[in-house]
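Structural features, examined
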Amino acid sequence: DVTVKMVESHSGFLRDWIDAGSLDVAILFNIRDAEGLEVRPLLTEAMHLISAPSFGVRTGRDRISLSKLSSIDLLMPSQTHMMRKLLDEAATAATGGVFRIKAEIDALSTLKKLVIAGQGHTILPLATVREELESGKVIAHRIERPRLERHLSLVRLSRRPITRAENAITDLIYDLVRTPAS
């Protein structure tokens, strides 16, 4: 007798809704200020430069250094998006500079379509482009030196009592995360 409502949105919005008590749990990226929150790490995802196949041949072991990204036209989410914040911080720390952002796009489906069309490159974890990689529509280069990663955590307000339904949902989330993709 539980009704589950799932919401998909940017981490910033989800964090606001958790803080306001509008959501019981959320999966958030790169949690920094965790005051008032219970944060349980789920997994770490390596970030990849995602490009049209014309950018190179995918060998399965392709790597690219973070500094080389400064000469590539990137299509990225706007600065309020956690992925963009991660990139901007990495650029400042690693190269002391900024990257060439050709366009800011806050819709994942549009971002992927533009990359496939060869309009630029983007930075994403492989899970978000699995189908496009398997069909050969995009290629991926793992970002290294330094490695660019995002950390996913299951987050809830620490002051709220945990219900049986919430426990069941969080257990299900952990089971799904630990089950290998087929």
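Bear in mind the structure is a predicted one, so any value in this text is a computation, not a measurement.

A cluster of nonpolar side chains, namely V2, V4 and M6, defines an oily patch on the protein surface of about 360 Å² accessible area. Mapped onto the elements, V2 comes out in the segment before α1 (11-19). The exposure class of V2 is exposed, given its relative accessible area of 54%.

What follows is about the pattern of salt bridges. According to the stated counting rule, one finds 10 salt bridges in the structure shown. A salt bridge links R156 to E38; its shortest N-O distance comes to 3.5 Å. Note that R156 is positioned in strand β8 (residues 149-157) and E38 in strand β2 (residues 37-51), a separation of 118 residues in sequence. Look at R156 and you get buried, because its relative accessible area is 6%. Where R150 meets E45, a salt bridge forms, and the shortest distance between an N and an O atom there is 2.7 Å.

On to the packing of aromatic side chains. Inspection of every chain in the model, using the stated rule, returns one aromatic pair. Taking the centre distance of 6.2 Å and the plane angle of 20° together, the rings of F13 and W17 count as stacked. Residue F13 and its partner W17 are both found in helix α1; the two are separated by four residues, about one turn of the helix. Directly above the ring of F29 sits R150, whose terminal nitrogen or CZ lies 3.7 Å from the centroid.

In this structure, L69, L74, I123, I143 and L148 are the most contacted members of the largest nonpolar core, which totals 17 residues. Elements that contribute at least two residues to this core include exactly β2, β4 (73-76) and α2 (82-95). A total of five residues in this core trace back to one element, the largest contributor, which is α2. Among the nonpolar cores identified, the runner-up in size contains nine residues, and L111, V115, L124 and V129 belong to it.

This part is about unusual backbone geometry. Of note, the bond from R145 into P146 is cis; its omega dihedral lies within 30 degrees of zero at -5°. Tracing the backbone shows P146 in the loop between β7 (139-144) and β8. For N30, which is not glycine, the phi torsion reads 50° and is therefore positive. Mapped onto the elements, N30 comes out in the loop between β1 (26-29) and β2. When its relative accessible area of 10% is taken as the criterion, N30 is described as buried. The phi dihedral of R145 falls on the positive side, at around 55°, and the residue is not glycine. Relative to the assigned elements, R145 resides in the loop between β7 and β8.

Scoring rules and cut-offs
- Residues numbered from 1 in each chain as written.
- Predicted model: local features only at pLDDT ≥ 70, side-chain atom pairs only at ≥ 80, totals over all residues.
- Heavy atoms only, no water.
- Patch = residues over 30% accessible without salt bridge, like charges linked within 9 Å, V, L, I, M, F, W, Y side chains within 5 Å.
- Areas by Shrake-Rupley, 256 points an atom, 1.4 Å probe, with all protein chains shown as cover.
- Salt bridge = Lys/Arg side-chain N within 4 Å of Asp/Glu carboxyl O.
- Helix = DSSP H or I, 4+ residues; strand = E, 2+ residues; numbered from the N terminus.
- Buried < 20%, exposed > 50% of the residue type's maximum accessible area, 1.4 Å probe, protein only.
- Phe/Tyr/Trp six-rings, centres within 6.5 Å; stacked < 30°, edge-to-face > 60°.
- Lys NZ or Arg CZ within 6 Å of the ring centre and 35° of its normal.
- Core = buried A, V, L, I, M, F, W, Y, C linked by side-chain atoms within 4.5 Å.

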